[in-house]
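So you can see what is in the structure, the chains are spelled out below.
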Amino acid sequence: MTIDMSQFFQVFFEETEELLAEMEKLLLAIDISTPDPEDLNAIFRAAHSIKGGAATFGITDLTEVTHVLETLLDKIRKGEMALTAEHVDAFLAAKDILKMQLDGHRHGAEVDQEAVADVRMMLQSLSQEIMPIIAPKAAASNTNADEKISSSAPASHQLRRFRIELPELSARDIGALTTELGLLGAISKTALDAKRFAFTLDTEEGSDDIVAICSFILNPNDLKITQEAGAVKTAVSHSAKSTQQTTDDELGYGFFDPIETIGGGQSSDGDAKDKEAEQGYGFFAPFVPKEITEQAAPIIHEHDHPPIPISEVPPNSGAHPLAKEGAGTGGDERKGFARRESDKGTNSDASSSIRVSIEKVDQLINLVGELVITQAMIEQRTDSLDPMLHERLLNSVGQLTRNTRDLQEAVMSIRMMPMDYVFSRFPRMVRDLAAKLGKKVEFITHGAATELDKGLIERIIDPMTHLVRNSVDHGIETPAVRVAAGKSETGKLSLSASHQGGNIIIEVSDDGGGLHRDKILAKAQQQGLPVSDAMSDSDVWQLIFAPGFSTAEKVTDISGRGVGMDVVKRNIEAMGGTVDIRSAKGFGTTMSISLPLTLAILDGMSIKVGEEVYILPLGYVIESLQPRAVDIKEISGQGRVVKVRGEYLPLIPLYQTFGIGSSFTDPSQGILVILESDGKKAALFVDDLVGQQQVVVKNLESNYRKVAGISGATILGDGGVSLIIDVAALLRSSRQLNDESLYSQ
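All of the points below concern the structure found in this document.

About the criteria used
- Residues numbered from 1 in each chain as written.
- Predicted model: local features only at pLDDT ≥ 70, side-chain atom pairs only at ≥ 80, totals over all residues.
- Heavy atoms only, no water.
- Patch = residues over 30% accessible without salt bridge, like charges linked within 9 Å, V, L, I, M, F, W, Y side chains within 5 Å.
- Areas by Shrake-Rupley, 256 points an atom, 1.4 Å probe, with all protein chains shown as cover.
- Salt bridge = Lys/Arg side-chain N within 4 Å of Asp/Glu carboxyl O.
- Lys, Arg positive; Asp, Glu negative; His and termini not counted.
- Charge placed at Lys NZ, Arg CZ, Asp CG, Glu CD.
- Helix = DSSP H or I, 4+ residues; strand = E, 2+ residues; numbered from the N terminus.
- Pairing = 2+ DSSP bridges.
- Axes fitted to C-alpha atoms, helices over the stretch in contact; angles between N-to-C directions.

1. Concerning a negative patch on the surface
- There is a patch of like negative charges on the surface, built from Glu-110, Asp-112, Glu-114 and Asp-118.
- Its place among the elements puts Asp-112 in the loop between helix H4 (85-107) and helix H5 (113-129).

Pasting the structure below:
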């Protein structure tokens, strides 16, 4: 029997990445002068969980770094050492190293071993700077020495004693439970009859922790736990050990050798078992992905007692490798990599979410899209039926329409992700960038729970990264400049997200010096851009999106090359969005991005040219009208314009753009649809308006090829294919044919 371990490794990778992200978030938010004990404990638990999971799968390089990291964290959380900014910097550096090592195992990425060694040395140095002062611990009380199996409970004078009666279990399960429960405290075993046993456990933990551990092996309903009245007044003795070993024993990870002994030398039989546990609890071979060379693989030791093959482990084996993950931490904060159904049933705090691959979600969305199309076909075919003769059928179709719309909205919500997925990337970047530039920046977020389609949320990360870097580099001033201007020396940078209609508005705001109109105009003239002093502020701000435009006085590794803002705008427009700038000199700048909530389904207007039907995204449509002949003017060599309420707009004949036959060539006989994109307007000449409807967007490139002026396709109710017009691209190409003065407003 062969077990595919890749699924377990994948869960470990995902859990570890989440723990690293949570650790970084807590470190960036922590108050160094008066740190919250809960925050310190949460950071410690994250490091501790990563160490336990890495040891479970034999990934020793992660284990070694987290071993030193949690030793230092443990001293700080216990008050044996004061938290400093140097500690936070070291912890963040360790997080980066752990992420690099994780990527090395997950994707075969290159790992800088020198950087790993430097961080380990730095953590060890910080850990040894102030030696902790610990009072000698009293000798352990002598209770049933012959029956005593393990003693790893934390030193305390107020322990609780639990009696745990077990159902009939195999010897292997009894041994595994003994080891697991022994991590919580001092444990002894007594026989109830020939096949049943009971444990007596002295521990500071609660009964929930006991149930959580036992749930990996047996049904909690078969478990009987009673607590003896009164506190157990006892103290646990510890032999003289190094500080790192003491910390490990108190955490319940006494099976780890000190770092200096990993992978080398002869060992006693007990040490061999310790190393065997470290390599994966005797069940997992060290993890060596295909991308990693043999030189990078962890050393595998041969022991007198070889690991039990996975195929020989019973399904409910007590030595379940994933049980170790939660053994040393509180029950509510424990995050195991796998849980039995019986465990889930007894834990009221169990996660209510499941992991589903994005491929399955996309497949579900595609199927719902097909259902929407089929429903539209049915509805169109029943429109011609007599409502009196086919009343019941039409009522059923109406019910199907409502249910399909509800199902469509529910399925689309699965694909939505909170903006916190994007926002959480920036606190660390802002902190490091501000320190590099000698600035003080307070980072604030609003609306992190606002949801956006996953396909868009991944594509918005790069543009937002550039905008945030620009705000820190160009927007917010140095402390001295801010104080001289009467401001606080700490600048404010905020990210916000909110829903407005069918769009999401994302804003990057700073309270810095604002944009300099004169400097931008001077730079634009120098680059040969058409500008004038009469331009409005909004038009001047748009100049910074010109390719190669930069007002930075010197080029740095952060900015100043003029590469980026034009890409930002192009990427946002490619997602069907717009970017706007508001700025006031001396008060700050706000970059506002407007995006559709999803690209999978959009509200569209059906238009007809000849025999072809096209879809216009409704977000670009302002109005539609039939012009008078006197309002249409011909400009020599530049095409036609139309006068709409005193404003001349370029006229774009769609039949000429796509080279198709048209029913009308005179705009006064057809329909003009007024479109607006990027603050510019144009009139699109079409034959007729068909109607307004929601359409399911199909990717044209994956099914055919990229077509200029077309962003996608959809299937209509009659089964025909209709192309979706890329309005932004259409107007850009039109501006290349027409003079910019035509767009003056």
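We are not done yet, so read on.
2. Let's talk about the sheet that holds strand S15 (residues 621-625)
- In space, the 6 strands of this open sheet follow the order S15-S19-S20-S18-S17-S16, with mixed pairing throughout. Taken across any chain shown, the strands that pair with only one partner, and hence form the sheet edges, are S15 and strand S16 (632-635). Here the average twist between neighbouring strands, direction ignored, is 35°.

3. Structural notes on the pairing of strand S9 (residues 490-500)
- With 7 bridges connecting them, strand S7 (residues 440-446) and S9 associate as parallel partners. Bridge pairing in S9 links His-446 to Ser-496.
- As defined by bridge partners, S9 adjoins strand S10 (residues 503-510) across 8 bridges and the pair is classed as antiparallel. Paired with Ser-496 across the bridge in S10 is Glu-507.

4. Structural notes on the pattern of salt bridges
- Inspection of the entire model under this criterion finds 28 salt bridges.
- Linking Glu-17 and Lys-99 is a salt bridge whose minimum nitrogen-to-oxygen distance equals 3.9 Å. Note that Glu-17 is positioned in helix H1 (residues 6-29) and Lys-99 in helix H4, a separation of 82 residues in sequence.
- The partner of Asp-74 in a salt bridge is Lys-78, with the nearest N and O atoms 3.1 Å apart.
- Through salt bridges that share partners, Glu-24, Asp-89, Lys-95, Asp-96, Arg-428, Arg-431 and Asp-432 make up one connected network.

By themselves, these figures tell us nothing about what the structure is for.
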